Amino acid sequence: MKKWLVICLFLFAVLPANALQQLNFKGFIADEANILSEQVKNDLNMTLWDLQKKSGADIAVVTLQSLDGKSVEQTALEIGRTYKIGSKEKNNGVVFLTALAERKMRIELGYGLENKISMSSLEYIRDNDILPYYKQLNYQSGIARGTYQLANIVAQAEGVSIKTQGVCPSQTYSSASDERHPWWIWPFAIIMSIFCPRRRRFDYGGFGGFGGGGGFGGSGCSGSW
């Protein structure tokens, strides 16, 4: 009896510290840090849904307020494995994780993409598409641009062409106070908003979830700002 009591106490002491916090995925995105607007989440979800339909590949976009004492690498691995990111047959998942409190980010590749996407390609996206925005605390633009770039590189690796919904932020960042737009851009934007068809909305109810893979071995790149 004492032996079982000791075991139970040990489990209660250890499991909460090691357990991955429950993520609230809306489509491919778990925005636990409340960084992304609904429009951006919709546009990214539509793009990632097209990637999944055509290749079976999943990109899970996760934001956290804190890593709760864990490393960004271990947390990304746990997310990929726990939520079975990627096709079951191909293990072609990607986890794009951002943790605000620690100012850490991680791009984690599934087994099936390790030999298809070079580390230099991931590092380029990290250094040129994501971190320049993060250093300005413009997390939404960094996540959006990083996700679009990751979706494109995964699509190329899988030999498919995807439809991108929404507008990818430019690679060159300008702060709001320094931006200068030509005078004609505002009337043009108003006209486009009136006459252009509405963007498609992502159907969360029709989303079948991730592909059931989850094979991750620790290949990827991390960054801080």
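The structure under discussion appears in the preceding block.
Each chain carries its own residue numbering, running from 1 in the written order of its sequence. Reporting in this predicted model follows two pLDDT cut-offs: at least 70 for local features of residues, and 80 or more for side-chain atom pairs to be given and counted; totals over whole chains, interfaces and linings ignore these cut-offs and use all residues. As a rule here, side-chain values cover all heavy atoms of the structure and leave hydrogens and water aside.

Asker: Would you take a moment to explain the pairing of strand β2 (residues 58–64) for this structure?
Answerer: Regular strands show a simple pattern: their side chains alternate between the two faces of the sheet. Exposed residues in this analysis have more than 50% of their type's maximum accessible area, buried residues have under 20%, and partly exposed residues fall in between, with area computed by a 1.4 Å probe over protein chains only. Where helices and strands are cited, they refer to DSSP runs of H or I of at least four residues and of E of at least two residues respectively, numbered from the N terminus. Counted residue by residue, β2 has seven buried out of seven residues, so it is predominantly covered. Burial of β2 is two-sided: the residues D58, A60, V62 and L64 facing one way and the residues I59, V61 and T63 facing the other way are all buried. The pairing of strand β1 (residues 29–31) with β2 spans three bridges and is parallel. Within the sheet, the bridge partner assigned to D31 lies in β2 and is T63. Think of it this way: DSSP has to see at least two bridges between two strands before they count as a pair. The sheet contact formed by β2 and strand β3 (residues 93–99) spans seven bridges and is parallel. Its bridge partner lying in β3, I59 is registered against V94. A crossover connection joins β2 to the parallel β3 through helix α3 (residues 72–82); in handedness this β-α-β unit is right-handed. Orient the strands so they point away from the viewer, and a crossover whose first-strand-to-second-strand path over the helix runs clockwise is right-handed.

Asker: Explain the pattern of salt bridges here, please?
Answerer: Oppositely charged side chains may form a pair once their charged atoms are brought near each other. We count a salt bridge whenever a side-chain nitrogen from Lys or Arg sits within 4 Å of a carboxyl oxygen from Asp or Glu. What the rule picks out here adds up to eight salt bridges. A salt bridge links K116 to E158, with the shortest nitrogen-to-oxygen separation between them at 2.7 Å. Remark: E158 occurs in helix α5 (residues 139–158) and K116 occurs in the loop between β4 (104–110) and α4 (119–134); sequence separation between them is 42 residues. Take K116: its relative accessible area is 46%, and that puts it in the partly exposed class. Note on E158: relative accessible area 13%, which makes it buried. As a salt-bridge pair, D127 and R126 come within 2.8 Å of each other at their nearest N and O atoms. For D127, a relative accessible area of 39% corresponds to the partly exposed category. What you see here is one network of salt bridges that share partners, running through K90, K116 and E158.

Asker: I keep staring at the packing of helix α2 (residues 38–55) against α5 and nothing clicks. Help me out?
Answerer: Between two packed helices, what matters for the description is the angle formed by their axes and the separation of those axes. Running from amino to carboxyl end, α2 crosses α5 at an angle of 10°, the nearest separation of the two axes being 11 Å. In terms of axis orientation, α2 runs roughly parallel to α5. Taking contact as the criterion, the partners of V40, D43, L44, T47, L48, L51 and S55 in α2 are, on α5, Q140, A144, T147, Y148, A151, V154, A155 and E158. Here the residues of the contact of α2 with α5 sort into nine nonpolar, four polar and two charged. Here, axes are lines fitted to C-alpha atoms. For helices the fit covers the stretch in contact, and angles between N-to-C directions go from 0 to 180 degrees. In what follows, roughly perpendicular refers to angles from 65 to 115 degrees, roughly parallel to angles under 35, roughly antiparallel to angles over 145, and oblique to any angle outside these ranges. Working rule for contacts: check all heavy atoms of both residues, and any pair within 4.5 Å makes them a contact. As a working rule, the residues Ala, Val, Leu, Ile, Met, Phe, Trp, Tyr, Cys and Pro are called nonpolar, Asp, Glu, Lys and Arg charged, and the rest polar, with Gly in that last group.

Asker: I'm lost on the sheet that holds β2 in this one. Help?
Answerer: In a beta sheet, neighbouring strands are held together by backbone hydrogen bonds and run either parallel or antiparallel to one another. Reading across the sheet, the five strands line up as β1-β2-β3-β4-β5 and stay open at both edges, with mixed pairing between neighbours. Strands with a single pairing partner mark the edges of an open sheet, and in this sheet they are β1 and β5 (216–224). Ignoring which end each strand starts from, the neighbouring axes of this sheet average 10° apart.

Asker: When you look at the packing of α4 against α5 in this model, what are you seeing that I'm missing?
Answerer: In the contact formed by α4 and α5, the axes pass within 7 Å of each other and the chain directions differ by 160°. By the angle between their axes, α4 is roughly antiparallel relative to α5. Seen along the crossing, α4 lies across α5 with a hand that is right-handed. For the pair formed by α4 and α5, the contact residues are S121, L122, I125, D129, I130, Y133 and Y134 on the first element and Y139, S141, G142, I143, R145, G146, Q149, L150 and I153 on the second. Two helices that cross are described as forming a left-handed crossing if the nearer one is turned anticlockwise from the farther one by less than a right angle, and a right-handed crossing if clockwise.

Asker: Quick question: what am I supposed to make of α3 here?
Answerer: Two residues of an α-helix separated by three or four positions point the same way, owing to the 3.6 residues in each turn. Every buried residue of α3 is listed here: V72, T75, A76, L77, E78, I79 and G80. Just downstream of α3 lies K84, where phi reads positive at about 55°.

Asker: So what exactly am I meant to see when it comes to the packing of aromatic side chains here?
Answerer: For any pair of aromatic rings, the description rests on two quantities: the centre-to-centre distance and the angle between the ring planes. Whether two aromatic rings pair depends on their centres lying within 6.5 Å, for rings of Phe, Tyr and Trp, where Trp uses its six-membered ring; planes under 30 degrees apart make the pair stacked, over 60 edge-to-face, and the rest tilted. Applying the stated criterion across every chain, the model contains 12 aromatic pairs. Relative to Y83, the ring of F25 lies with its centre 5.1 Å away and its plane at 65°, an arrangement referred to as edge-to-face. Of this pair, F25 sits in the loop between α1 (2–18) and β1 while Y83 sits in the loop between α3 and β3; the two residues are 58 residues apart in sequence, bridging distant segments of the chain. Note on accessibility: F25 and Y83 belong to one class, buried. On the numbers, 5.3 Å between centres and 70° between planes, the contact of Y134 with Y139 is edge-to-face. Judged by its relative accessible area of 0%, Y134 is buried. With relative accessibility at 14%, the residue Y139 sits in the buried group. Cluster of aromatic residues (ring-pair linked, three or more members): F25, F28, W49, Y83, F202, Y204, F207 and F210. Stacked on the ring of W49, the Lys or Arg K53 has its end atom at 4.7 Å from the ring centre. Either the NZ atom of lysine or the CZ atom of arginine qualifies as a charge over a ring when it sits within 6 Å of the ring centre and within 35 degrees of the ring normal.

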